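Each chain is listed here by its residues.
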Amino acid sequence: MTALPGRLRLTVLGCSSAAPHAAWPASGYLVEWEETTLLLDVGQGVVRRLENLLDPRSLTAVVVGHMHADHYLDLAGLRYLFPWAEQADPRLPLHIPPGARERLDALATAISERSGFFDVAFDIAEYDPAAPLRIGPLTIRFVRSRHYVPAWGLSVEAPDGARLVYTGDTGPSDEMVEFARGADLLLVEAALRRASEDDPARGHLTGEEAIDLARRAGARSALIVHYDPGRRAELEEMCEAAGNWIRPAVASQTRTITPLMRETGTRVLAP
Ligand SMILES: [Zn+2]
Ligand SMILES: [Zn+2]
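Residues numbered from 1 in each chain as written. Chains lettered and ligands numbered in written order. Predicted model: local features only at pLDDT ≥ 70, side-chain atom pairs only at ≥ 80, totals over all residues. Heavy atoms only, no water.

1. Overview of the overall build of the chain
Quick note on the threshold: Segments assigned H or I by DSSP are reported as helices when at least four residues long, segments assigned E as strands when at least two residues long, and all are numbered from the N terminus. Computation of the radius of gyration draws on C-alpha atoms, with the globule rule given as 2.2 Å multiplied by the number of residues to the power 0.38. The cut-offs for exposure are 20% and 50% of the maximum accessible area for each residue type, with area from a 1.4 Å probe on protein chains only; residues under the lower value are buried, those over the upper are exposed, and the others partly exposed. Note on areas: these come from Shrake-Rupley sampling with a 1.4 Å probe, and a residue is covered only by the protein chains present in the view. Only four residue types enter the charge count, namely Lys and Arg as positive and Asp and Glu as negative; His and the chain termini do not. Think of each charge as sitting on NZ of Lys, CZ of Arg, CG of Asp or CD of Glu.
Per the secondary structure count, the chain includes eight helices and 14 strands. Taking 271 residues into account, the globule formula puts the C-alpha radius of gyration at 18 Å, and the chain, at 18 Å, falls close to it. For the C-alpha atoms alone, the extent of the chain along its principal axes is close to 55 × 45 × 35 Å. Counting the 271 residues in the chain, one finds 55% classified as buried. With an accessible surface of roughly 11400 Å², the chain has 50% of that area assigned to carbon and sulfur atoms. Each charge class in the chain was averaged separately, 28 positive and 37 negative side chains, and the resulting centres sit 3 Å apart.

2. Comments concerning the coordination of the zinc ion (ligand 1)
Inclusion rule: Nitrogen, oxygen and sulfur within 2.8 Å of a metal are treated as its donors, or within 3.2 Å for sodium, potassium and calcium (Na, K, Ca); water is not counted, so a site can appear incomplete. A site with four donors is called tetrahedral when every donor-metal-donor angle falls between 85 and 135 degrees; four donors are called square planar, and six octahedral, when opposite donors sit more than 155 degrees apart and all other angles fall between 65 and 115; any other arrangement is irregular.
Surrounding the zinc ion (ligand 1) are the protein donor atoms His 66 (NE2), His 68 (ND1), His 147 (NE2) and Asp 169 (OD), which sit 2.1 to 2.3 Å from the metal. Classification of the site at the zinc ion (ligand 1) rests on its four donor atoms, whose angles at the metal span 93 to 165°, yielding the label irregular. Sequence spacing among the residues donating to the zinc ion (ligand 1) works out to H-x1-H-x78-H-x21-D. The metal-metal distance between the zinc ion (ligand 1) and the zinc ion (ligand 2) comes to 3.5 Å, with Asp 169 coordinating both. Taken together, the positions of His 66 in the loop between strand S4 (61-63) and helix H2 (69-72) and His 147 in the loop between strand S8 (138-144) and strand S9 (152-157) put the pair 81 residues apart, joining distant regions of the chain. Residue His 66 shares its accessibility class with His 147, and that shared class is buried.

3. Concerning unusual backbone geometry
The linkage connecting Asp 89 with the following residue, Pro 90, adopts the cis geometry, with an omega of 0°. Here Pro 90 is to be found in the loop between helix H3 (75-79) and strand S5 (92-96). Even without a glycine there, the phi angle at Glu 34 is positive, about 50°. Relative to the elements of secondary structure, Glu 34 occurs in the loop between strand S2 (28-33) and strand S3 (36-40). Phi is positive for Ser 112, close to 60°, though the residue is something other than glycine. With respect to the helices and strands, the residue Ser 112 is situated in the loop between helix H4 (101-110) and strand S6 (122-126). Taking the relative accessible area as the measure of exposure, Ser 112 reaches 68% and is therefore exposed.

4. Quick look at the coordination of the zinc ion (ligand 2)
Protein coordination of the zinc ion (ligand 2) is provided by Asp 70 (OD), His 71 (NE2), Asp 169 (OD) and His 226 (NE2), with donor distances spanning 2.1 to 2.2 Å. Coordination at the zinc ion (ligand 2) comes from four donor atoms whose angles at the metal span 86 to 168°, giving a geometry best classed as irregular. Between consecutive donor residues of the zinc ion (ligand 2), the sequence gaps follow D-H-x97-D-x56-H.

5. Some details on the nonpolar core
As a reminder of what qualifies: By convention a nonpolar core is built from buried Ala, Val, Leu, Ile, Met, Phe, Trp, Tyr and Cys residues, the set being connected through side-chain atoms within 4.5 Å. By the convention used here, residues are in contact when the closest approach between their heavy atoms is within 4.5 Å.
One finds Leu 8, Leu 10, Leu 38, Val 156, Leu 164, Leu 186 and Ile 224 to be the most contacted residues of the largest nonpolar core, which totals 58 residues. Here this core takes five residues from helix H6 (residues 207-217), the largest share from any one element. For Val 156, the residues in contact, after removing those within four places along its chain, are Leu 8, Val 31, Leu 38, Leu 40, Leu 138, Thr 139, Ile 140, Ala 162, Arg 163 and Leu 164. Counting residues in hydrophobic clusters, the runner-up holds 29 residues, among them Val 42, Leu 92, Ala 100 and Leu 107.

6. Some words on the packing of H6 against helix H7 (residues 232-242)
Inclusion rule: Between N-to-C directions, angles cover 0 to 180 degrees, with each direction set by a line fitted to C-alpha atoms, over the stretch in contact for helices. By convention, the crossing between two helices is left-handed when the near helix turns anticlockwise from the far helix through less than a right angle, and right-handed when the turn is clockwise. Classification used: nonpolar for Ala, Val, Leu, Ile, Met, Phe, Trp, Tyr, Cys and Pro, charged for Asp, Glu, Lys and Arg, polar for all others including Gly.
Between H6 and H7, the least distance of the axes is 10 Å, while the angle of their chain directions is 35°. Crossing angle aside, the handedness with which H6 passes H7 is right-handed. Counted together, Gly 207, Glu 208, Ile 211 and Arg 215 of H6 and Leu 235, Met 238, Cys 239 and Ala 242 of H7 form the full contact between these two elements. Among the residues making up the contact of H6 with H7, the classes are represented as five nonpolar, one polar and two charged.

7. Side note on the packing of aromatic side chains
Using the following cut-off: Pairing of aromatic rings covers Phe, Tyr and Trp, the last through its six-membered ring, and needs centres within 6.5 Å; plane angles under 30 degrees mean stacked, over 60 mean edge-to-face, and all others mean tilted. Counting as a charge over the ring demands two things of the Lys NZ or Arg CZ atom: a distance within 6 Å of the ring centre and an angle within 35 degrees of the ring normal.
The final tally for this structure, using the stated rule, is eight aromatic pairs. Between Trp 24 and Tyr 227, the ring centres sit 6.1 Å apart and the planes meet at 80°, which makes this aromatic pair edge-to-face. Of the two residues, Trp 24 sits in the loop between strand S1 (8-14) and S2 while Tyr 227 sits in the loop between strand S12 (222-225) and H7, which places them 203 residues apart along the sequence. Each of the two residues, Trp 24 as well as Tyr 227, counts as buried. These aromatic residues form a ring-pair network of at least three members: Tyr 80, Phe 82, Phe 117, Phe 118 and Phe 122. Taking the ring centre of Trp 84 as reference, the NZ or CZ of Arg 114 above it sits at 4.2 Å. Arg 163 extends its terminal NZ or CZ atom over the ring of Phe 179, reaching a point 5.6 Å from the ring centre.

Have a look at this one:
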């Protein structure tokens, strides 16, 4: 499967929350631009789903937003697709948050593998959230989210100006609203049924808060992600009341993301 030439394309591999669900995997989003294939987050079940579409070893790169199980645990499964002992050629570029390197090393120990287990398959780098990350023709930018552990949301910008923003896990955040401003497509989390379920410090959003964040950001379109699939009908209803620009995401759906300029010729692109 290859994206159309010169179009940014998203495929939702999984958008469930942390508890495993038969309907679909935890967080995992495939982003494509021509031959470039980028995987955002690798929650449990994501690699199996990705295998239906392409050989995961052929991905251009993987980027992880934070080190909770539902966003990175399937890196272990992905690793086993590569030779066990000898170094893969090429290794798969893996971009993880600052400080996450030791988590990955600890995971290798936890699953009774030797040190360096991930390194022979992955070319591992901790990204600097203050600096844009270039992956082929795509530019990734990061924003600190409001979560229980260090966590980042991110944007993917395509050469034609199309911009996808993914909140990752976050509580209500003005910084996230600003970061998501004018996104062509926003993936916004809604892990909670009620704000009272959250810690006082907040680390997730309700459906209402997700819609509010997307509306305040002026996102052209949005998908609600990171929710228990059993809540889909309830979220559909909420979104319908908000308008047809926002919907709950479902696994396997694809979206082609085009910049406003293509439609109206009025968008001024930042350099
Ligand atoms: Zn999390
Ligand atoms: Zn999560």
